[in-house]
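Here is what each chain is made of, one letter per residue.
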Amino acid sequence: MAEAFKTVEPLEYYRRFLKENCRPDGRELGEFRTTTVNIGSITTADGSALVKFGNTTVICGVKAELATPTKDSANKGYIVPNVELPSLCSPRFRSGPPGEEAQAASQFIADVIENSQIIEKEDLCIANGKLVWVLYCDIICMDYDGNLLDASAFALLAALKNVQLPSVTINEETGLSEVNFKQKNPLMIRKHPVATSFAIFDDTLLIVDPNAEEEDLATGTVTVVTDEENRLCSVHKPGGSPLTGAKLQDCITRAITRQREVKKLIDKVINSIKPK
């Protein structure tokens, strides 16, 4: 009977749960799904991470390549993010060129990188005007059940913390680069930005970490990105219901707490795989 009611009146079905301050999957309104991270799972990448938010699974692989910088950014490297939503991860996505949601997610990740200064691009410079690193960050959704942005930002941060770059020098006699794969160094991660997404129900009620069903029924979504200094890096709100200043402040406060939780989880996993 409940399943039939849910099929016919999905929004009313949700409202009955929300009135009791809970959700159909058993979570409270401010509760995240079980979150796990596995670091270094792609051996062919220079850094990688697999993140799960409930049934949403995202993997990020980072590939580093050498390149010549542009004249106006002679001492800066590049970070090139790309988010893919293959048709295998959900029936809502089709194979072919990137759809609107994948492009929006890629732009969101690019904005997070730029606004948070997770990495100083000058740190990717090997020889001024001659040689820099380019980091290609490919983020692929393997199983989609909502909250793609949080999972993608989490996977990116964890993968970048896993990156080990070989030592590179320029031979002064030949002018050619020499790569020493035996001597590797981790990336300098300057900031630890974490995204926290909320779905807005009936223009007033906020629920955290929405699944795909909740996103479809919501009247809007908002994603807040903060770092370990409680700094607001960005707010992503693609239309929908407006938010009052007080509601937005509630989101920021919750996002700050979530940032600490995520960083603690990443640090715990990285420490567990370090050689003794």
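Everything here concerns the structure above.
Notes on the structure in this doc start here. Each chain carries its own residue numbering, running from 1 in the written order of its sequence. pLDDT decides what is reported in this predicted model: residues at 70 or higher carry local features, side-chain atom pairs at 80 or more are listed and counted, and totals for whole chains, interfaces and linings draw on all residues regardless. Heavy atoms throughout the structure, all of them, feed into the side-chain values; hydrogens and water do not.

1. Things to note about the nonpolar core
Ranked by size, the top nonpolar core spans 55 residues in total, and within it Ile-119, Leu-135, Leu-160 and Leu-187 carry the most contacts. When near neighbours in sequence (up to four residues on either side) are disregarded, Leu-187 contacts Ile-119, Leu-124, Leu-135, Leu-160, Val-163 and Leu-165. Side-chain atoms within 4.5 Å link the members of a nonpolar core, which is a set of buried Ala, Val, Leu, Ile, Met, Phe, Trp, Tyr and Cys residues. The cut-offs for exposure are 20% and 50% of the maximum accessible area for each residue type, with area from a 1.4 Å probe on protein chains only; residues under the lower value are buried, those over the upper are exposed, and the others partly exposed. Two residues form a contact once any of their heavy atoms are found within 4.5 Å.

2. Here we look at the side chain of Ser-167
The helix and strand labels rest on DSSP assignments: H or I over at least four residues marks a helix, E over at least two residues marks a strand, and numbering proceeds from the N terminus. With respect to the helices, strands and loops of the structure, Ser-167 is situated in strand β7 (residues 164-170). Not counting residues within four places of it along the chain, the set of residues in contact with Ser-167 comprises Glu-178, Val-179, Asn-180 and Gln-183.

3. Description of the pattern of salt bridges
Whenever a carboxyl oxygen of Asp or Glu lies within 4 Å of a side-chain nitrogen of Lys or Arg, that contact is scored as a salt bridge. Under the criterion given, the structure shown has 15 salt bridges. Among the ionic pairs, Asp-216 bridges to Arg-92, the shortest N-O distance being 3.2 Å. Of this pair, Asp-216 sits in helix α5 (residues 212-217) while Arg-92 sits in the loop between β4 (78-84) and α3 (100-116), and the two are 124 residues apart along the sequence. Residue Asp-216 is classed as exposed on the basis of its relative accessible area, which comes to 52%. Arg-92 sits in the partly exposed class, given a relative accessible area of 38%. For Arg-258, the salt bridge is made with Glu-261, and the minimal N-O distance between the two is 3.7 Å. Remark: Glu-261 and Arg-258 occur in helix α6 (residues 245-273); sequence separation between them is three residues, near one turn of the helix. Shared partners join several salt bridges into a network, and the residues in it are Arg-23, Asp-25, Arg-27, Arg-33, Asp-145, Asp-209 and Glu-214.

4. Regarding the pairing of β4
Burial along β4 is one-sided: Ile-79, Pro-81 and Val-83 are buried, while Tyr-78, Val-80, Asn-82 and Glu-84, pointing the other way, are not. Strand pairing follows a simple DSSP-based rule, namely that at least 2 bridges must link the two strands. As paired elements, β4 and strand β6 (residues 131-143) share seven bridges and run parallel to each other. Residue pairing across strands places Val-83 opposite Ile-139, the latter belonging to β6.

5. Notes on the side chain of Thr-56
By the element assignment, Thr-56 lies in strand β3 (residues 56-67). The buried category is assigned to Thr-56, whose relative accessible area is 0%. Reaching out from Thr-56, the side chain makes a polar contact with the backbone nitrogen of Asp-145 at a distance of 2.9 Å. Among the polar contacts listed, one links the side chain of Thr-56 to the backbone oxygen of Gly-146, at a separation of 2.8 Å. The contacts of Thr-56, once residues within four sequence positions are left out, are Arg-33, Val-51, Asp-143, Tyr-144, Asp-145, Gly-146 and Ala-151. Contacts described as polar in this section are N or O atom pairs within 3.5 Å, which, within protein, must combine one atom able to donate a hydrogen with one able to accept it, while residues neighboring in sequence count only if both atoms come from side chains.

6. Focus on the sheet that holds strand β11 (residues 220-226)
Taken in spatial order, the four strands line up as β10-β9-β11-β12 in an open sheet, and their pairing is antiparallel. The sheet is open, and its two borders are formed by β10 (205-208) and β12 (232-236), each paired with just one other strand. Taken pair by pair, the neighbouring strands of this sheet meet at an average axis angle of 25 degrees, ignoring direction. Every axis corresponds to a line fitted to the C-alpha atoms, with the helix fit spanning only the stretch in contact, and the corresponding angles, defined between N-to-C directions, vary from 0 to 180 degrees. Together, β9 (194-201), β10, β11 and β12 form the strand contacts of α6, whose direction differs from that of β11 by roughly 50 degrees.

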